[in-house]
Amino acid sequence: MNNIMQLGKSCCGCSGCEQICPKNCISMKPDHEGFLYPEVDESICIECGICIKHCPILTDVSRCNIPKVYAAKYKDRGSTFKSTSGGLFIPIAKSVLSMGGVVFGCAYDENLVAKHIKVETEDGLYRLQSSKYVQSDTRGIYKQVKTELENGKEVLFSGTGCQAAGLRSFLGKDYGNLLITDIVCHGVPSPKLFKNYIDYMGKKLGGTLTSYNFRSKEKRGWDLYYKAENGQKSKSDYGFFDPYYSAFLYCKTYRESCYECKFANKNRVSDITLADYWGIQKFHPEFFDENGVSLVLVNTEKGKKYLEKIKDKLEIIESDYNKASVMNANLVHPSKRPSCRDSIYDGFDCGNFETYAKTKLAFKINPKTKIKKMIPLGVKRFLRKLR
Ligand SMILES: Cc1cc2nc3c(=O)[nH]c(=O)nc-3n(C[C@H](O)[C@H](O)[C@H](O)COP(=O)(O)OP(=O)(O)OC[C@H]3O[C@@H](n4cnc5c(N)ncnc54)[C@H](O)[C@@H]3O)c2cc1C
């Protein structure tokens, strides 16, 4: 078999193969867990091997060696409040748009399905803000990126490491007008699991959800708080107290390929990598901010040039890789696969998230975490001052 099917469960789901096949004989189909995998129509396939040659898992893409490391915050605090960490993605995106360019990144559609979309104006950027802890659908997106690049537009593509590598492999060459940012990634749960969860949350609130933010800063500032809304009511709580979020944080529900991710290290495939600067209180306490601090890795000359362009919009200090990775394990290695991953997806099916949520497999609160998170924010601020 000289086609992408030989990849099996190592596939990261970037969908580059579907988009590059000259015979259009590959389609991405969900498996029983809800993750997309390629299916090849063998009656049309000519075994040309192009899908293999352009697969980011089966072939290597160029990587940087040693990134320059910074802690940074976007000076526009209102915008950063809506972002996950220090809000760096927005000024980078605005700078590309100001050159008449376009931005590709992950947004929710009207049914809260995470998909990559194209944004052409500043007022559309809010849709890309904030992390969606679920695998985003990139079907058809690499082709759109290529069209824009060949039309001479400046393009910013933002995604996970495997999506960034997928794009590089799909394009097969570098474009001077392309900037890629990636995020440090823990791993991604399936869209089907997320859909079940959203429906379950909707029922709990008494109506279909209209928005869901994994990183709402309204209650506790820069932390792991979610906010679910249905237009009339909202629910907000700490991620570890929620069945979907907690399983995500404990690495229980990721795509199989995430546990062997070859992009979870310092040899990045993008120009700039963005993340939360967890541990900032320890290494640069003077730079801590309740509104969030970004970790920024500048991986290429192009990345350096873009960061230079927006420097006056940032507060920024130099840091180093060893400090940055102490509390961000995925900068060094992929998430560890827990043994419960074998059966975690067996515990739910459409409409049955409630039963799943009750199983200890999905959801177990650590009492220490519970006590820590019950400390009011004011007390936390006071204790911070004492340190
Ligand atoms: C699944 C996932 C796992 C993550 N794991 C870690 C981690 O272990 N450690 C860490 O420090 N940071 C992690 N992050 C990154 C972090 O949460 C922030 O996205 C990052 O700090 C950028 O924040 P910001 O404030 O600059 O921008 P924001 O305004 O928050 O911008 C969000 C950016 O992330 C992109 N994005 C959002 N959701 C997705 C998605 N599902 N797939 C692809 N791209 C997406 C958007 O396109 C946008 O470019 C993860 C993000 C995701 C989506």
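Description of the structure in this document. Just so you know, these numbers come straight off a predicted model, no measurement behind them. (Residues numbered from 1 in each chain as written. Predicted model: local features only at pLDDT ≥ 70, side-chain atom pairs only at ≥ 80, totals over all residues. Heavy atoms only, no water.)

1. Observations regarding helix α10 (residues 301–310)
(1) Moving on: Regarding α10, the residues found buried are K302, G303, Y306, L307 and I310. The arc that holds the buried residues of α10, viewed along the axis, is 135°, so those residues lie on one side.
(2) Moving on: Buried residues belonging to α10 abut β3 (68–74), α4 (89–97), β7 (178–183), β11 (272–276), β12 (294–298) and β13 (314–318). (Buried < 20%, exposed > 50% of the residue type's maximum accessible area, 1.4 Å probe, protein only. Helix = DSSP H or I, 4+ residues; strand = E, 2+ residues; numbered from the N terminus. Arc of directions from axis to C-beta. Contact = heavy atoms within 4.5 Å.)

2. A look at the packing of aromatic side chains
(1) Moving on: Scanning the model with the defined rule gives 28 aromatic pairs in all.
(2) Moving on: With centroids separated by 6.1 Å and ring planes inclined at 70°, the aromatic side chains of Y142 and F157 adopt a geometry described as edge-to-face. Here F157 lies in strand β6 (residues 155–160) and Y142 lies in helix α5 (residues 141–150), a separation of 15 residues in the sequence. Taken as a pair, Y142 and F157 share a single burial class, namely buried.
(3) Moving on: Taken together, a centroid distance of 5.7 Å and an interplanar angle of 10° make the contact between Y212 and Y226 stacked. In this pair, Y212 sits in strand β8 (residues 211–213) while Y226 sits in strand β9 (residues 225–229), placing the two residues 14 residues apart along the sequence.
(4) Moving on: In this structure Y226 comes out as buried when scored by relative accessible area, which is 1%.
(5) Moving on: The ring of Y37 has K9 sitting right over it, with the charged end atom 4.2 Å from the ring centre.
(6) Moving on: Against the face of F287 rests K73, its NZ or CZ located 4.1 Å from the ring centre. (Phe/Tyr/Trp six-rings, centres within 6.5 Å; stacked < 30°, edge-to-face > 60°. Lys NZ or Arg CZ within 6 Å of the ring centre and 35° of its normal.)

3. Considering the packing of α5 against helix α6 (residues 161–171)
(1) Moving on: Across the interface, α5 lies against α6 with an axial gap of 10 Å and an inter-helix angle of 55°. Judged on the interaxial angle alone, α6 and α5 are oblique. Considering only the axes of α5 and α6, their crossing is right-handed. Contact residues: α5 offers Y142, K143, V145, K146 and L149, while α6 offers C162, Q163, G166, L167, F170 and L171. (Axes fitted to C-alpha atoms, helices over the stretch in contact; angles between N-to-C directions. Parallel < 35°, antiparallel > 145°, perpendicular 65-115°, else oblique. Left-handed = near helix turned anticlockwise from the far one by under 90°.)

4. Quick word on the sheet that holds strand β5 (residues 114–119)
(1) Moving on: One open sheet holds the eight strands; their spatial order is β5-β4-β6-β7-β11-β12-β3-β13, and the pairing between them is mixed. Strand pairing shows two members of the sheet lacking a second neighbour, β5 and β13, which therefore form its edges. Looking at each pair of strands side by side, their axes are set apart by 30° on average, direction ignored.
(2) Moving on: Docked against the sheet, α5 engages β4 (102–108), β5, β6 and β7, running at close to 160° with respect to β6. (Pairing = 2+ DSSP bridges.)

5. Some points on the sheet that holds β8
(1) Moving on: The sheet built from three strands is open, its strands ordered β8-β9-β10 with antiparallel pairing. Of all the strands in the sheet, the pair left with one neighbour each is β8 and β10 (234–238). In this sheet, neighbouring strand axes are inclined to one another by 10° on average, regardless of whether the strands run parallel or antiparallel.
(2) Moving on: Two strands pair when backbone bridges link them, and β9 and β10 are joined in this way by five bridges, in the antiparallel orientation. By the bridge assignment, K227 is partnered in β10 with S236.
(3) Moving on: In this fold helix α7 (residues 191–205) packs onto β8, β9 and β10, with an angle of close to 65° to the strand it touches most, β9.

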